[in-house]
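If you want the building blocks of each chain, they are given just below.
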Amino acid sequence: MADSLRIAVLGAGSWGTALATLMARNGHHVVLWGRDEKVAAAIDAQHENPRYLPGIALPDSLRATTDLAVAMQGAELVLVVVPSHAFTETLKLIAPLRPAGAGVAWATKGFEPGTGRFLHELVEEILPGQPASPIRVSARAPKP
């Protein structure tokens, strides 16, 4: 695929794995990062996330790792898909590892626990210079 991207998906839970799978199935080079070595090994060897998506076949091209530096290497897009309570810590971990010019997006819901701050505020603070404009989606049904 001529327009394929190198994408690091951070968070190997059900949501992160599903998004990584979708992107890999669309021809992108995807590395999924998670903290659980058994889950990462199963994704690489059996092409399944037995903890969060048992029985769902994952693309052979999808790679998983517990090494954040490996996941970030050469990434053109970093997609953060961790729970909101781990969002700040994850941003701080990726700040020194983010390749120059790599975009950062997130599929994390909620606020920073304890402060109630919006996630885009955390991105602006921890990753200065990173465009951080959240996508707002209306949950209302269109009027007939």
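What counts and what doesn't
- Residues numbered from 1 in each chain as written.
- Predicted model: local features only at pLDDT ≥ 70, side-chain atom pairs only at ≥ 80, totals over all residues.
- Heavy atoms only, no water.
- Pairing = 2+ DSSP bridges.
- Helix = DSSP H or I, 4+ residues; strand = E, 2+ residues; numbered from the N terminus.
- Axes fitted to C-alpha atoms, helices over the stretch in contact; angles between N-to-C directions.
- Contact = heavy atoms within 4.5 Å.
- Buried < 20%, exposed > 50% of the residue type's maximum accessible area, 1.4 Å probe, protein only.
- Salt bridge = Lys/Arg side-chain N within 4 Å of Asp/Glu carboxyl O.
- Expected span 1.5 Å × (residues − 1).
- Phe/Tyr/Trp six-rings, centres within 6.5 Å; stacked < 30°, edge-to-face > 60°.

So, the pairing of strand 4 (residues 77-80)
Here comes step 1: In the sheet, strand 1 (residues 6-10) pairs with strand 4 via four bridges, with the strands oriented parallel. Bridge pairing in strand 4 links Ile 7 to Leu 77.
Here comes step 2: Taken together, the four bridges between strand 4 and strand 5 (residues 103-106) define a ladder with parallel strand orientation. Among the inter-strand pairings, Val 80 is bridged to a residue of strand 5, identified as Trp 106.

Here's the deal with the sheet that holds strand 5
Here comes step 1: Overall, parallel pairing links the five strands, which are arranged 3-2-1-4-5 in an open sheet. Taken across any chain shown, the strands that pair with only one partner, and hence form the sheet edges, are strand 3 (63-65) and strand 5. For this sheet, the mean angle separating the axes of adjacent strands, direction not counted, is 20 degrees.
Here comes step 2: Sheet strands touched by helix 1 (residues 14-25): strand 1, strand 2 (29-33) and strand 4. Its angle to strand 2, the strand with the most contacts, is close to 170 degrees.

Concerning the environment of Val 104
Here comes step 1: Looking at the secondary structure, you find Val 104 in strand 5.
Here comes step 2: Among the residues examined, Val 104 registers a relative accessible area of 8% and is labelled buried.
Here comes step 3: Between the C-alpha atoms of Val 104 and Ile 7, which are 97 residues apart in sequence, the distance is 10.0 Å.

Let's talk about the pattern of salt bridges
Here comes step 1: In total, this model carries four salt bridges according to the counting rule given.
Here comes step 2: Its salt-bridge partner being Arg 117, residue Glu 125 comes within 2.7 Å of it at the nearest N-O pair.

Digging into the environment of Ser 14
Here comes step 1: For Ser 14, the location among the structural elements is in helix 1.
Here comes step 2: Note: C-alpha distance between Ser 14 and Pro 54 (40 residues apart in sequence) is 9.7 Å.
Here comes step 3: Setting aside residues no more than four positions away along its own chain, Ser 14 makes contact with Tyr 52 and Leu 53.

With respect to helix 1
Here comes step 1: Compared with an ideal rise of 1.5 Å per residue, which puts twelve residues at 16 Å, helix 1 spans 16 Å between its outermost C-alpha atoms and is within 8% of the ideal.
Here comes step 2: Looking at the buried residues of helix 1, the elements they touch are strand 1, strand 2 and strand 4.

Structural notes on the packing of aromatic side chains
Here comes step 1: The tally for this structure, following the rule as stated, stands at two aromatic pairs.
Here comes step 2: Ring geometry for Phe 87 against Trp 106: centres 6.1 Å apart, planes inclined by 70 degrees, an arrangement best described as edge-to-face. Of this pair, Phe 87 sits in helix 4 (residues 84-94) while Trp 106 sits in strand 5; the two residues are 19 residues apart in sequence, bridging distant segments of the chain.
Here comes step 3: Centroid distance Phe 111 to Phe 118: 5.4 Å. Interplanar angle 55 degrees. Geometry classified as tilted.

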